[in-house]
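# What the coordinates show
Each chain, written out:
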Amino acid sequence: MTRIVRVAAAQQGPNLETDSREVIVTRLLDMMKQAKSKGADLVVYTETALTTFFPRFYAEDRAEMDLWFEREMPNDATRPLFDYAADNKIGFSLGFAELTPDGHHFNTQILVDKDGKTVGKYRKVHLPGHVELEPERRFQHLEKRYFEPGNLGFPVWRTMGGVMGMCICNDRRWPETYRVMGLQGVELVMLGYNTPSWNGLGGPDTPELRHHHSRLSMQAGAYQNATWVVGVAKAGEEAPGYHLMGGSCIINPDGQVVAEAQTEDDEVIVHDCDLDACAFLKNSTFNFDAHRRTEHYGLITERTGAVPPPE
Ligand code: CDT
């Protein structure tokens with residue numbers, strides 16, 4: 001049996017600080033049309049797809065950053081995506097900065113079905129970086145200043161013929177992210193990322209090593225939870241000295257990369273993801289009910305920092 005979802009990963013080249021939402025949405029819409037022309041069922045966009053990656057900017061007054069946030073979704077700028085999706089029966093997942101009516105700030109990704117209806121929302125849990133200005137850095141990474149940790153957990157949604165999940169950028173490095181969705185039977189995890197090619201503190205990791213870590217995390221998450229993973233970058237130089245890595249890819253439940261972007265520009269890659277291909281590992285090596293041994297893990301939920309002394 002096969003349950004094919006033809007997935008398009010819509011990698012984005014840089015969004016400049018001066019690019020309007022309308023200009024950016026025109027690019028996103030163009031990629032949605034490309035995806036549709038290739039027969040895709042679903043387009044996956046990146047993290048903060050509608051703006052430049054603004055956490056590199058420091059503002060003493062956090063309210064100055066509200067211009068990068070969306071107060072409603074869809075809104076005037078993004079409605080063309082929802083309309084095209086509904087008219088052409090194509091789903092999509094979109095990352096953006098969300099400002100709620102009661103004043104909360106989240107790094108958010110939504111899932112929109114083939115009728116243009118929002119069926120899922122995820123808010124980023126693992127926020128990297130720092131809260132205060134750190135002048136010694138080559139660039140700032142102030143996600144902890146501008147966002148609150150997500151308050152929705154890692155849900156999955158039964159839609160578009162499968163069990164769908166989302167996470168965002170730094171979440172992809174944490175095994176818990178995939179496992180929480182894996183325990184709910186996830187078959188396709190969608191994620192976007194803005195990952196600088198260089199460490200802001202001038203650490204020893206090269207762009208090659210950072211690419212390796214990104215792939216390693218996503219491939220392990222896919223295999224260990226027997227799920228497809230679609231990782232979508234915002235790539236290229238968003239500002240002088242601020243280069244984001246590319247490497248968007250689609251990974252099968254065996255943890256193999258089956259499609260990958262070749263550029264650091266807007267680029268659509270497509271793959272037929274057979275969701276039934278998850279079943280073999282879900283029912284064998286990673287049959288959680290049969291083989292997980294949580295009662296033997298000596299489970300700790302907080303980092304203790306020390307090995308407990310012998311009794
Ligand atoms: N956007 C995002 O989460 N980026 C981080 C960069 C970490 S460097 C502070 C990532 O994990 O890719």
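Placed above this text is the structure.
Described in the following lines is the structure provided in the data block.

Thresholds applied
- Residues numbered from 1 in each chain as written.
- Predicted model: local features only at pLDDT ≥ 70, side-chain atom pairs only at ≥ 80, totals over all residues.
- Heavy atoms only, no water.
- Salt bridge = Lys/Arg side-chain N within 4 Å of Asp/Glu carboxyl O.
- Helix = DSSP H or I, 4+ residues; strand = E, 2+ residues; numbered from the N terminus.
- Buried < 20%, exposed > 50% of the residue type's maximum accessible area, 1.4 Å probe, protein only.
- Near = heavy atom within 4 Å.
- Polar contact = N/O pair within 3.5 Å; in protein donor to acceptor, adjacent residues only side chain to side chain.
- Areas by Shrake-Rupley, 256 points an atom, 1.4 Å probe, with all protein chains shown as cover.
- Nonpolar A, V, L, I, M, F, W, Y, C, P; charged D, E, K, R; others polar.
- Contact = heavy atoms within 4.5 Å.
- Axes fitted to C-alpha atoms, helices over the stretch in contact; angles between N-to-C directions.
- Parallel < 35°, antiparallel > 145°, perpendicular 65-115°, else oblique.
- Left-handed = near helix turned anticlockwise from the far one by under 90°.
- Arc of directions from axis to C-beta.

What follows concerns the pattern of salt bridges. Counting across every chain of the model gives 17 salt bridges. Among the salt bridges present, the one from R123 reaches E98, with a minimum N-O distance of 2.8 Å. Taken together, the residues R123 in strand β5 (residues 118-123) and E98 in strand β3 (residues 91-99) connect sequence positions 25 residues apart. For the residue pair R123 and E98, the accessibility class agrees, reading buried in each case. Among the ionic contacts, a cluster of salt bridges with common partners joins R3, E187 and D276.

Let's shift gears to the site of the ligand. Around the ligand lies a shell formed by E47, F53, K124, P128, H141, E143, C169, N170, R172, R173, N194 and T195. Here an oxygen atom of the ligand and a side-chain polar atom of K124 are 2.7 Å apart. T195 is positioned with one of its side-chain polar atoms (N or O) 2.6 Å from an oxygen atom of the ligand. Burial of the ligand by the surrounding chains reaches 87%, relative to a free accessible area of 360 Å². Here the shell around the ligand is composed, by residue class, of three nonpolar, four polar and five charged.

A few words on the side chain of R27. With respect to the helices, strands and loops of the structure, R27 is situated in helix α1 (residues 21-37). Here the side chain of R27 touches G13 through a polar contact of 3.1 Å, landing on its backbone oxygen.

Turning our eyes to something else, we now look at the environment of A8. Looking at where A8 falls in the secondary structure, it is placed in strand β1 (residues 4-11). The buried category is assigned to A8, whose relative accessible area is 0%. In contact with A8, other than residues within four places in its own chain, are A35, A40, L42, V43, V44, V268, I269 and V270.

Our next topic: the packing of α1 against helix α2 (residues 79-88). Between α1 and α2, the least distance of the axes is 10 Å, while the angle of their chain directions is 15 degrees. Between α1 and α2, the crossing angle belongs to the class labelled roughly parallel. Every pair of crossing elements has a handedness; the one defined by α1 and α2 is right-handed. Where α1 approaches α2, its residues V25, L28, L29, M32, K33 and K36 are matched on the opposing element by P80, L81, Y84, A85 and N88. The class makeup of the residues in the contact of α1 with α2 is eight nonpolar, one polar and two charged.

Here we come to helix α4 (residues 175-182). Among the residues of α4, T177, Y178, M181 and G182 are the ones counted as buried. Down the axis of α4, the buried side of the element spans an arc of 125 degrees, and every buried residue falls inside it.

Just distances and angles here, no functional claims.
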